[in-house]
Amino acid sequence: MTLDNIPRHVAIIMDGNGRWARQRGLNRIFGHRQGAESVRECCKQALVYGVEYLSLFAFSEENWGRPKEEVDALMSLMLDSLINEKKLFLDNDIRFRVIGKTDGVPEEIIRGIGELEEATKDFKTMTLLVFFNYSGKWDIVQAASAYAASVAEAVRAGENPPALDRGDFDGLLATSGVPDPDLLIRTSGEKRLSNFMLWQCAYTEFYFTDVFWPDFREKEWASALESYSNRERRYGKIK
Ligand code: IPE
Ligand code: IPE
Ligand code: MG
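One numbering rule holds for all chains: residues counted from 1, following each sequence as written. Think of it this way: whatever chain is written first is A, whatever ligand is written first is 1, and the rest follow in order. In keeping with the predicted nature of the model, local features appear solely for residues at pLDDT of at least 70, side-chain atom pairs appear and are counted solely at 80 or more, and the whole-chain, interface and lining totals rest on all residues. The basis for every side-chain value is the complete set of non-hydrogen atoms in the structure, without hydrogens or water.

- An unreviewed UniProt entry annotates the protein chain as Isoprenyl transferase of Candidatus Merdivivens pullicola.
- UniProt positions are given in the numbering used here, feature names are shortened, and annotations may be inferred rather than shown by experiment. Here is the UniProt Function (unreviewed entry) comment for the protein chain, exactly as written: "Catalyzes the condensation of isopentenyl diphosphate (IPP) with allylic pyrophosphates generating different type of terpenoids."

## Points about the sheet that holds strand 2 (residues 53-60)
No. 1: What makes two strands pair is DSSP finding at least two bridges between them. In this description a helix means any DSSP run of H or I spanning at least four residues, a strand means any run of E spanning at least two, and both kinds are numbered starting from the N terminus. Spatially, six strands are ordered 3-4-2-1-5-6 in an open sheet, and the strand pairing comes out parallel. Unpaired on one side and paired on the other, strand 3 (94-99) and strand 6 (205-208) mark the two borders of the sheet. Pairwise comparison of adjacent strand axes, ignoring direction, gives a mean angle of 20 degrees for this sheet.
No. 2: Here six bridges tie strand 3 to strand 4 (residues 126-134), and the two strands are oriented parallel to one another. Across the sheet, Arg97 pairs through a bridge with Leu129, a residue of strand 4. An axis is simply a line fitted to the C-alpha atoms; with a helix, the fit covers only the stretch in contact. Between two such axes, the angle follows the N-to-C directions and lies from 0 to 180 degrees.

## Concerning the pairing of strand 4
No. 1: Categorising residues by exposure relies on relative accessible area from a 1.4 Å probe, with only protein chains included: less than 20% of the type maximum marks a residue as buried, more than 50% marks it as exposed, and the intermediate range marks it as partly exposed. A large share of strand 4 lies buried, amounting to nine of its nine residues.
No. 2: Where strand 2 lies against strand 4, seven bridges are found, and the strand directions are parallel. For Leu54, the partnering residue across the bridge sits in strand 4 and is Leu128.

## Here's the deal with the layout of surface pockets
No. 1: A cavity here means a set of points on a 1 Å grid, drawn over the protein atoms and nothing else, where a 1.4 Å probe fits but cannot get out; a pocket is an open set with protein on both sides within 12 Å along at least five of seven lines, and a residue lines either one if it has an atom within 4 Å of a point. Grid points are joined across faces, edges and corners, and a volume is the space filled by probe spheres set on the points. What the largest pocket holds in volume is close to 900 Å³.
No. 2: Lining the largest pocket are 42 residues; nearest its centre among them are Met14, Asn17, Phe57, Ala58 and Leu74.
No. 3: Among the elements of the structure, helix 1 (17-23), helix 2 (28-49), strand 2, helix 3 (68-84) and strand 4 are those that each provide at least two residues to the lining of the largest pocket.
No. 4: Among the elements that make up the lining of the largest pocket, the one with the highest residue count is helix 2 (eight residues).
No. 5: Roughly 240 Å³ of internal volume is contained in the second largest pocket.
No. 6: In terms of lining residues, the second largest pocket is bounded by Arg166, Asp170, Asp180, Pro181, Asp182, Trp199, Gln200, Ala202, Tyr203, Thr204, Arg233 and Tyr235.
No. 7: Three classes are used: nonpolar for Ala, Val, Leu, Ile, Met, Phe, Trp, Tyr, Cys and Pro, charged for Asp, Glu, Lys and Arg, and polar for all others, with Gly counted as polar. Looking at the lining of the second largest pocket, its residues break down into five nonpolar, two polar and five charged.

## A look at the site of ligand 1
No. 1: Neighbouring residues are identified by heavy atoms, a residue being near a molecule or strand if any of them is within 4 Å of it. Taken together, 13 residues lie around ligand 1, and Asp15, Gly18, Arg19, Arg28 and Arg66 are the ones closest in.
No. 2: At a separation of 2.8 Å, an oxygen atom of ligand 1 approaches a polar side-chain atom of Asp15.
No. 3: Definition of a polar contact: a pair of N or O atoms within 3.5 Å, with one able to donate and the other able to accept a hydrogen when the atoms are protein atoms, and with sequence-neighbouring residues admitted only if both atoms are side-chain atoms. Side-chain polar atom of Arg19 to an oxygen atom of ligand 1: 2.7 Å apart, as the coordinates give it.
No. 4: In isolation ligand 1 exposes 380 Å². Once the protein is present, 87% of that is buried.
No. 5: Placement in a cavity or pocket follows one criterion, namely that more than half of the molecule's atoms lie within 2 Å of its grid points. The pocket occupied by ligand 1, as judged from atoms lying within 2 Å of grid points, is the largest pocket.
No. 6: Secondary structure elements with two or more residues in the shell around ligand 1: helix 1, helix 2 and helix 3.
No. 7: By residue class, the composition of the shell around ligand 1 is three nonpolar, five polar and five charged. Accessible surface area values rest on a Shrake-Rupley calculation with a 1.4 Å probe, where residue burial reflects the displayed protein chains alone.

What follows is the structure, given as structure tokens:
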């Protein structure tokens, strides 16, 4: 399929792993494992279409509230992915970045993330952003705190406080340097943001599908991108 309007930045709320497993009489953890396969396929599809930034919501700050067994399984899947997907990134010129808090994240995962970010930092074909231990409200609050600290610093030095416009605020967010998402996909039939990129999605196009994340493969990518290609983005103006 040729589409003349490919989103530069695609963000995905990967939802429905648990229900995918339950439908099959399996433990939820099998759903997360199958979901990790979809992540790999997703990177490949993004490369095929020439998407520059792919953002995946993998673990929210609120997901700590799940049973310990499930949280542990998600942490160990993250660790496995850091090891198993390295070749995919190196072979395909994919830069890897993690967005989120480090608080509570096991030390070996923090180390693994740092190593993979360093190994891929000069890669240019695509940037994969994994949102892990992330929430949109956390990011806004940490950016506001950083600004407040710079104001306090200026006052102490007897200088004028630094200016703050929308662009400056973008630069204080954990997603600094990344353009806002053009297309946000959420799987599994849920139609909410669940605290994902609240600031950055101001003018993002949304695409919702009932397909569970472990089943979100090539055909679903094509449908999402086809839907996007027919949108008219107006940004409050008249066309
Ligand atoms: C998405 O699938 C993965 C994470 C939130 C980590 P869920 O685990 O939320 O699956 P459902 O929504 O319960 O089916
Ligand atoms: C959102 O899914 C978070 C991730 C996909 C990582 P959830 O399953 O946690 O969201 P809610 O609880 O249904 O809103
Ligand atoms: Mg869910």
